[in-house]
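# Coordinate analysis (summary)
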2 protein chains.
Amino acid sequence: MRATVPITVADIKSACSQCNLLELCLPFGMSETEINRLDELVGARRKVKRNQHLYRSGEDFEAIYAIRTGSFKTDVLLEDGREQVTGFQMTGEILGLDGISTELHSCNAVALEDSEVCVIAYDKLEELSRQIEGLQHQFHKVMSKEIVRDHGVMMLLGSMRAEERLAAFLLNLSQRFTARGFSPAEFHLRMTRDEIGSYLGLKLETVSRAFSKFQESGLIAVQQKHIRIADLDGLRRLVHHPVNSR
Amino acid sequence: MRATVPITVADIKSACSQCNLLELCLPFGMSETEINRLDELVGARRKVKRNQHLYRSGEDFEAIYAIRTGSFKTDVLLEDGREQVTGFQMTGEILGLDGISTELHSCNAVALEDSEVCVIAYDKLEELSRQIEGLQHQFHKVMSKEIVRDHGVMMLLGSMRAEERLAAFLLNLSQRFTARGFSPAEFHLRMTRDEIGSYLGLKLETVSRAFSKFQESGLIAVQQKHIRIADLDGLRRLVHHPVNSR
DNA sequence: GCCAAGCGTTGATCCAAGTCAACCACCTGG
DNA sequence: CCAGGTGGTTGACTTGGATCAACGCTTGGC
């Protein structure tokens, strides 16, 4: 179970203390002195080209990854080929937490565009977080946040209708782009309709139709992967007070 | 946001070292000396009656809970009243991990029968797991396992058809009962059809019909909440090689 | 021990989303 | 710069599961 494509492991020392993603990433909430000690943790960066795997289901787990640039999807495959996208990750977010439980990765992580991650050796992370209280606490928060996010996705998949799901998805993206200093209202989708559909438990045609419907009703302007949200509150209303809930 | 029903906090000291759920619970994989130190961690037990809340969404997070006897469901509510059950938990499993990220609980935990939990103060847990490597490692595994489980549920909700979902659900229960020394083939459901439906993203009528269909085809025998699995492999085939997958 | 409420089953009908199909609009690489 | 391929849109039709409805069975609270 090795990646079929050779992967560049850059030998550049990354420094959390120098990173502008600080407040989105693992070091969030830590003191300056604590963060300085983090620099010993992040070994190397690794570049992953579009459509390449960062890791695959079944591979040995050794490290978690913080996204420095670019974005990823994670997915789980069934024997018969069905794919379930379990998440889309952007800069500052952590990949690989699934691997801790069995020491094998349990999902695939694929770059949606040319990307770069910081490699955080897991044994070192455990060691250091026994020494640095702030790191321990923050790491636990990151894991817990992932659990809460997952529960939100279950809500989406289990209890919402197609248009509510897509509206919730767009609002979530908007909020995350905002946190990264980008426009809340205008962004570029990194994933295909098929991938959005898989994530939302819908077929790509249904996603496409929902986009068109939102456009007709003046909520958004879509042009391929470019999205402009014209009526944020309108989308919010769709999620919270759907026209006709199940 | 307080529980409306008074809750008994038993003053009995629990001892992990004496507990027969050891290998299913937080202490799994720890050395004897490590486990002895755990006893200082588990403060008290708490009894929760059927249909009572262990905690509610929005309440302050202070502790996680290990189930000693009984079982629970966790759920998330939407403003308009829609409920999504996010999991069913049984003995040895840990509740409350959702609260770490914001220091507020983000879901509700409700007892499905009269139950008892061990209360694990979270600040103490962090402190002790900085000292006991085995505890730290095991706690991380528990969180990671929850993330992996959640991804499995996403697969279920996003990519499987009604009967596959129910078959997967029964197999999962069977496996967990087995791990607890009960029969893999015969057990009592603690939850209603409506709760199963919510968990699986189906209506209760659909759950009921699927049960009847499984019975007709000789896979199981159902009588209300009592389930006997007659053909485990048949159920497995349903999940892995569905007659007609999406 | 009885009875009402909650839970479960089954049938008839409906509809949201899936499926199938045709076509369009971009990139992308030669 | 053009050709082929991938990704996206739209329409027609189908269908799995939801909805609505009626009824039967436990069960637990008095």
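All values derive from a computational prediction rather than experimental measurement. (Residues numbered from 1 in each chain as written. Chains lettered and ligands numbered in written order. Predicted model: local features only at pLDDT ≥ 70, side-chain atom pairs only at ≥ 80, totals over all residues. Heavy atoms only, no water.)

### Side note on the domain arrangement of chain A
Residue and element names in this part refer to chain A. One can read the domain layout of chain A as domain 1 (9-149) and domain 2 (160-240). In this structure, domain 1 and domain 2 have C-alpha centres spaced 26 Å apart. Contacts between the two partners involve 16 residues from domain 1 and, on the opposite side, 11 residues from domain 2. When the two sides are added together, the surface that domain 1 and domain 2 hide from each other amounts to roughly 1,300 Å², 55% of it contributed by carbon and sulfur. Summed over the three residues of domain 1 that lose the most area to domain 2, namely Leu-24, Phe-88 and Met-90, the buried surface amounts to 47% of that side. Where Arg-180 meets Glu-93, a salt bridge forms, and the shortest distance between an N and an O atom there is 3.5 Å. At the junction of domain 1 and domain 2, the tally comes to eight residue pairs in polar contact (both at pLDDT 80 or more). Considered class by class, the residues forming the side of domain 1 that touches domain 2 number five nonpolar, six polar and five charged. (Domains from an automatic or database assignment. Contact = heavy atoms within 4.5 Å. Buried area = accessible area lost by both parts, 1.4 Å probe. Salt bridge = Lys/Arg side-chain N within 4 Å of Asp/Glu carboxyl O. Polar contact = N/O pair within 3.5 Å; in protein donor to acceptor, adjacent residues only side chain to side chain. Nonpolar A, V, L, I, M, F, W, Y, C, P; charged D, E, K, R; others polar.)

### Let's talk about the relation of the copies chain B and chain A
With an RMSD of 0.0 Å, the operation that places chain B on chain A is a rotation of 180° combined with a shift of 0.0 Å along the axis. Read as a symmetry element, the transformation amounts to a two-fold axis. In terms of C-alpha distance to the rotation axis, chain B has Arg130(B) as its closest residue, with the C-alpha 2.1 Å off the axis. Both copies contact each other with a shared surface, as 100% of the interface residues of chain B are interface residues in chain A too. (Least-squares fit on C-alpha atoms with pLDDT ≥ 70 in both.)

### Considerations on the protein's contact with DNA strand C
With respect to spatial proximity, 18 residues lie near DNA strand C, and among them Ala162(A), Thr206(A), Arg193(B), Ser208(B) and Ser212(B) are the closest. Between DNA strand C and Arg193(B) there is a distance of 2.8 Å, counted from a phosphate oxygen to a side-chain nitrogen or oxygen. One of the side-chain N or O atoms of Ser208(B) is found 2.8 Å from a phosphate oxygen in DNA strand C. Going through the elements one at a time, helix H6 (204-216) of chain A together with helix H6 (204-216) of chain B are the ones with two or more residues in the surface near DNA strand C. Broken down by element, the surface near DNA strand C gets its largest block of residues, five residues, from H6(B). When grouped by side-chain class, the residues that make up the surface near DNA strand C number three nonpolar, six polar and nine charged. (Near = heavy atom within 4 Å. Helix = DSSP H or I, 4+ residues; strand = E, 2+ residues; numbered from the N terminus.)

### Examining unusual backbone geometry
Within the chain, Glu103(A) stands out as a residue other than glycine whose phi angle is a positive 65°. In this structure, Glu103(A) sits in the loop between strand S7 (94-95) and strand S8 (108-111).

### Thoughts on the confidence of the model for chain A
Residue and element names in this part refer to chain A. Averaged over chain A, the pLDDT score is 91; the fraction of residues at 70 or greater is 92%. Element-level mean pLDDT values for chain A span from 45 in strand S1 (residues 9-10) up to 98 in S7. Throughout residues 1-12 the model reports pLDDT below 50, and contacts reaching past four residues in sequence, or to other chains, amount to 24 contacts. (pLDDT = per-residue confidence, 0-100.)

### A few points about the interface of chain B and chain A
If you look at the interface, chain B gives 49 residues, while chain A gives 49 residues. Around 4,600 Å² of area is buried between chain B and chain A when both sides are counted, 57% of it from carbon and sulfur atoms. Of all residues in chain B, Arg82(B), Arg130(B) and Met154(B) bury the most surface against chain A, accounting for 16% of the area lost on that side. Linking chain B with chain A are six salt bridges, by the criterion used here. At the boundary of chain B and chain A, one finds 29 residue pairs in polar contact (both at pLDDT 80 or more). Listed by contribution, the elements that provide at least two residues to the side of chain B that touches chain A are strand S6 (83-89), helix H2 (122-131), helix H3 (133-159) and helix H7 (232-240) of chain B.

### Some remarks on the sheet that holds strand S12 (residues 226-229) of chain B
Residues and elements named next belong to chain B. Ordered by their spatial adjacency, three strands build an open sheet running S10-S12-S11, and the pairing between neighbours is antiparallel. Of all strands in the sheet, those with a lone pairing partner are strand S10 (186-188) and strand S11 (220-223), marking the two edges. Across the sheet, the mean angle from the axis of one strand to that of its neighbour is 15°, orientation sign disregarded. In this sheet, S12 lies alongside S10 in antiparallel orientation, the contact comprising three bridges. When the sheet's bridge partners are listed, Phe-187 is paired in S12 with Ile-227. Along the sheet face, H6 touches S11 and S12 and points at about 130° away from the line of S11. (Pairing = 2+ DSSP bridges. Axes fitted to C-alpha atoms, helices over the stretch in contact; angles between N-to-C directions.)

### Description of the protein's contact with DNA strand D
Neighbouring residues of DNA strand D: 18 residues in total, closest Arg193(A), Ser208(A), Ser212(A), Ala162(B) and Thr206(B). Each atom of DNA strand D within 4 Å of the protein belongs either to a base or to sugar and phosphate, the latter forming 68%. Between DNA strand D and Ser208(A), the relevant distance is 2.7 Å, taken from a phosphate oxygen to a side-chain nitrogen or oxygen of the residue. Within the contact set of DNA strand D, a phosphate oxygen lies 2.8 Å away from a backbone nitrogen or oxygen of Ala162(B).

### Structural notes on a negative patch on the surface
Side chains of Asp60(A), Glu62(A), Asp123(A) and Glu127(A) sit close together on the surface and give a patch of like negative charge. Secondary-structure assignment places Asp60(A) in the loop between strand S3 (53-55) and strand S4 (63-69). (Patch = residues over 30% accessible without salt bridge, like charges linked within 9 Å, V, L, I, M, F, W, Y side chains within 5 Å. Areas by Shrake-Rupley, 256 points an atom, 1.4 Å probe, with all protein chains shown as cover. Lys, Arg positive; Asp, Glu negative; His and termini not counted. Charge placed at Lys NZ, Arg CZ, Asp CG, Glu CD.)

### Here's the deal with the packing of aromatic side chains
The description of an aromatic ring pair uses the distance of the two centres, along with the angle that the planes make with each other. All names here are of chain A. Inspection of the entire model under this criterion finds 14 aromatic pairs over all chains. With a centroid separation of 5.2 Å and an interplanar angle of 55°, the aromatic rings of Phe-61 and Tyr-122 are classed as tilted. Note that Phe-61 is positioned in the loop between S3 and S4 and Tyr-122 in helix H2 (residues 122-131), a separation of 61 residues in sequence. Grouping residues by exposure puts Phe-61 and Tyr-122 together as buried. Between the aromatic rings of Phe-177 and Phe-187, the centroid separation amounts to 4.9 Å while the plane-to-plane angle is 25°, which identifies the pairing as stacked. (Phe/Tyr/Trp six-rings, centres within 6.5 Å; stacked < 30°, edge-to-face > 60°. Buried < 20%, exposed > 50% of the residue type's maximum accessible area, 1.4 Å probe, protein only.)

### Re the sheet that holds S8(A)
Residue and element names in this part refer to chain A. Taken in spatial order, the four strands line up as S3-S8-S5-S6 in an open sheet, and their pairing is antiparallel. Each end of this open sheet is capped by a strand with a single partner; those strands are S3 and strand S6 (83-89). Geometrically, the sheet is characterised by an average inter-axis angle of 30° between neighbouring strands, direction not taken into account. When strand S5 (residues 72-77) meets S8, the two strands line up antiparallel, connected through four bridges. Residue Phe-72 lies in a different strand from S8, and its bridge partner there is Ala-111. Lying on the sheet, helix H5 (residues 193-200) is in contact with S5 and S6; it crosses S6 at an angle near 100°.

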